[in-house]
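A closer look at the structure
Here is what each chain is made of, one letter per residue.
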Amino acid sequence: MRKLLKNIDGLLRGSFTQPADLASGRIAVPVATLLIAAVLLGAGYGVFMGLYAVLRPENASWLQLLATTAKVPLLFLLTLAVTFPSLYVFSALANSRLHAAETLQLLLVAVTVNLAILASFGPVTGFFMLSTESYPFIKLLNVAFFAIAGFCGIAFLRRTLNGVFAIDADAADDKAARRAQRRPRNVLRVWTLIYAAVGAQMGWILRPFIGSPDRAFELFRERESNVFVAILVSFVGLFR
Amino acid sequence: MRAEGAYAVRGETVPWMRLAAIVALAGFAFGAVMGSSTLRPMQSVYSGLKVPLLLAGSTAVCIANFYAVNSALGLRDDFAAACRGVLAAQATVAVSLASLAPLTVLVYVSSDNYRLAVVSNGVLFAIATGAGQVTLRRHYRPLIVADPRHRLAMLAWVTLYVFVAIQAAWVLRPFIGAPGLPPRFLREDLWSNAYVVVARTVWELLTRR
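Please read all numbers here as calculations on a predicted model, not as lab measurements.

Further remarks concern the overall build of chain A. Along chain A, the regular secondary structure elements total nine helices and zero strands. Listed by position from the N terminus, the elements making up chain A come as α-α-α-α-α-α-α-α-α. Relative to the compact-globule value of 18 Å for 240 residues, chain A shows a C-alpha radius of gyration of 20 Å, a close match. C-alpha extents for chain A along the principal axes are approximately 70 × 40 × 25 Å. The buried share of chain A, reckoned over its 240 residues, is 50%. Taking the intrachain contacts of chain A between residues at least 6 apart in sequence as the baseline, contacts between residues at least 24 apart amount to 77%. When the accessible surface of chain A is split by element, carbon and sulfur atoms take 66% of a total near 11,700 Å². Averaging the coordinates of the 23 positive side-chain charges in chain A and doing the same for the 13 negative ones gives two points 4 Å apart.

This brings us to the interface of chain B and chain A. Across the contact, 29 residues belong to chain B and 23 residues belong to chain A. Where chain B abuts chain A, roughly 2,300 Å² becomes buried across the two surfaces, and 67% of that area is made up of carbon and sulfur atoms. Taken together, the links from chain B to chain A amount to one salt bridge. Seen at the junction of chain B and chain A, the total is five residue pairs in polar contact (both at pLDDT 80 or more). Secondary structure elements with two or more residues in the side of chain B that touches chain A: α2 (41-72), α5 (149-172) and α6 (194-207) of chain B. Counting residues per element, the side of chain B that touches chain A draws most heavily on α2 of chain B, which supplies nine residues.

Bringing a positive patch on the surface into the picture now. Residue and element names in this part refer to chain A. Taken together, R158, K175, R178, R179, R182, R185 and R189 make up a surface patch of like positive charges. For the positive patch, the leading source of residues is helix α8 (residues 174-206), giving six residues. Along the chain, the position of R178 falls in helix α8. Given the relative accessible area of 46%, R178 is considered partly exposed.

Our focus in this paragraph is helix α3 (residues 79-110) of chain B. Spanning 32 residues, α3 of chain B covers 46 Å between terminal C-alpha atoms, matching the ideal 46 Å at 1.5 Å per step. Where α3 of chain B bends most, the angle comes to about 40°, and this point is L100 of chain B, followed within four residues by the proline P102 of chain B.

Position of G122 of chain A relative to the elements: it lies in helix α6 (residues 122-131). The sequence separation of G122 of chain A and G46 of chain A amounts to 76 residues, and the corresponding C-alpha distance is 8.3 Å.

Our next topic: unusual backbone geometry. P208 of chain A follows R207 of chain A through a cis peptide bond whose omega is 10°. Position of P208 of chain A among the secondary structure elements: in the loop between α8 and α9 (227-237). R173 of chain B connects to P174 of chain B through a cis peptide bond whose omega is 10°. Residue position: P174 of chain B is located in the loop between α5 and α6.

Pairing between side chains of opposite charge can happen when their charged atoms approach one another. On inspection of all chains with the given rule, the structure shows four salt bridges over all chains. Residue R221 of chain A pairs with E218 of chain A through a salt bridge whose shortest N-O separation is 2.8 Å.

The description of two helices packed together rests on the angle between their axes and the distance between the axes. All names here are of chain A. Direction vectors running N to C along helix α3 (residues 31-55) and helix α5 (residues 100-120) enclose 25°, while the axes themselves pass 9 Å from each other. Judged by the angle between their axes, α3 and α5 are roughly parallel. Crossing of α3 against α5: the hand is left-handed. Here α3 contributes V31, L34, L35, A37, A38, L41, G42 and Y45 to the contact with α5, which in turn contributes Q105, L108, V109, T112, L115, A116, L118 and A119. Its residues assigned to classes, the contact of α3 with α5 shows 13 nonpolar, three polar and no charged.

With that settled, consider α2 of chain B. Since the α-helix packs 3.6 residues into each turn, any two residues three or four apart lie on the same face. With 32 residues, α2 of chain B extends 47 Å between its outermost C-alpha atoms, agreeing within 8% with the 46 Å of an ideal straight helix rising 1.5 Å per residue. Remark: G74 of chain B follows α2 of chain B within two positions and exhibits a positive phi of approximately 80°.

Further remarks concern the layout of surface pockets. Residues and elements named next belong to chain A. In this model, the largest pocket occupies a volume close to 1,300 Å³. In this structure, the largest pocket is lined by 50 residues; those nearest its centre are V143, F146, G199, A200 and V227. Among the elements of the structure, α4 (62-93), α5, α7 (135-164), α8 and α9 are those that each provide at least two residues to the lining of the largest pocket. Top contributing element to the lining of the largest pocket by residue count: α7, with 12 residues.

Parameters and conventions
- Residues numbered from 1 in each chain as written.
- Chains lettered and ligands numbered in written order.
- Predicted model: local features only at pLDDT ≥ 70, side-chain atom pairs only at ≥ 80, totals over all residues.
- Heavy atoms only, no water.
- Helix = DSSP H or I, 4+ residues; strand = E, 2+ residues; numbered from the N terminus.
- Rg over C-alpha atoms; globule rule 2.2 N^0.38 Å.
- Buried < 20%, exposed > 50% of the residue type's maximum accessible area, 1.4 Å probe, protein only.
- Contact = heavy atoms within 4.5 Å.
- Areas by Shrake-Rupley, 256 points an atom, 1.4 Å probe, with all protein chains shown as cover.
- Lys, Arg positive; Asp, Glu negative; His and termini not counted.
- Charge placed at Lys NZ, Arg CZ, Asp CG, Glu CD.
- Buried area = accessible area lost by both parts, 1.4 Å probe.
- Salt bridge = Lys/Arg side-chain N within 4 Å of Asp/Glu carboxyl O.
- Polar contact = N/O pair within 3.5 Å; in protein donor to acceptor, adjacent residues only side chain to side chain.
- Patch = residues over 30% accessible without salt bridge, like charges linked within 9 Å, V, L, I, M, F, W, Y side chains within 5 Å.
- Expected span 1.5 Å × (residues − 1).
- Bend = angle between axes of the 7 residues up to and from the residue.
- Axes fitted to C-alpha atoms, helices over the stretch in contact; angles between N-to-C directions.
- Parallel < 35°, antiparallel > 145°, perpendicular 65-115°, else oblique.
- Left-handed = near helix turned anticlockwise from the far one by under 90°.
- Nonpolar A, V, L, I, M, F, W, Y, C, P; charged D, E, K, R; others polar.
- 1 Å grid on protein atoms, 1.4 Å probe; cavity = no way out; pocket = protein on both sides within 12 Å on 5 of 7 lines; lining within 4 Å.
- Points joined across faces, edges and corners; volume = space filled by probe spheres on them.

Just distances and angles here, no functional claims.
Take a look at the structure:
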């Protein structure tokens, strides 16, 4: 456990994604370690997120807490599983130094960083779960924390991607050199767009994460509407 | 207050215990005065206990995120210095509150208006928070010069801390004690949310015909 915490600390510090390592296409942390860390961190946040279902006066449900604990890491890992093929193709097209396995490792590192930031919001979420009855507020709070954690994951990727893409030393002219320098940013944009869109919809498919207070426990909801409409409805619900 | 000696900006250690003791004592002093508007000793004791609890509890809830944000920004090596700044800022808030306690007494002596008591203590909390910011910035200045990413870490801390502290203050109320109600440690309607109450109030004001 201590070693795992040390590895997570190393991930956050960027010890495993040094420019020299990335330039040689190497990421010195095993996939198994990253998976275990991602599952534990996601489950850690899931416990705090699931507290609302246990504490609400009506339809209190321990099952929802268990489901949320499992669903949070699942959300991130399933999103990665769905998006990885396209993310790898786009990065290979942009002349990435990383092969498929290393690209997966890099994305897992970013997901783990994302989950570590999310887990660090756990005590704050727990505090609001203990002191808040408003379901729309709790939903918006969690959307905000997931978004902030996501941005931190993107910032981490942005820092590392510069070392991943080869810039041709013998670029034909300035224009070609500039184009090469823009590559990491463009790849990051495409990755972010795909990952965020799939992640948002995956979250919608896996819902409920919090559990509506006026509904009994259900593992998954019926297919209806989409995530963006739901956020808008929650915002309006704050005022009613 | 001057960031000298054991509390110096570039100090070698973080004087946790001393800073915690300052928060506890100065916070209790102000809280006791704040709870004395209706001269009920129990309300003074409750409020005295709750002010340090508010400052320490909000810090405890936010510190894990502060650590993660500093690590993710690559600022882990300066975490002790950043923590020193954060804790020194808490102590400054508590000391500033204690120094403003005579003003609270003056307000209570001048008027028995409950709303005035609430507003004046709110203003004093805002002033003390501003004083805390002075200390925080003083500790962060050399860090930001060395690495501008510290500015983002500081902003993240202040935003999350204020967000949590407002709700913590709401949960821990009453601090003053309404004249018609018996002294209590916590209100009966504990499970409500400050932001939801404000949003509903604003909505009602906007939609009132």
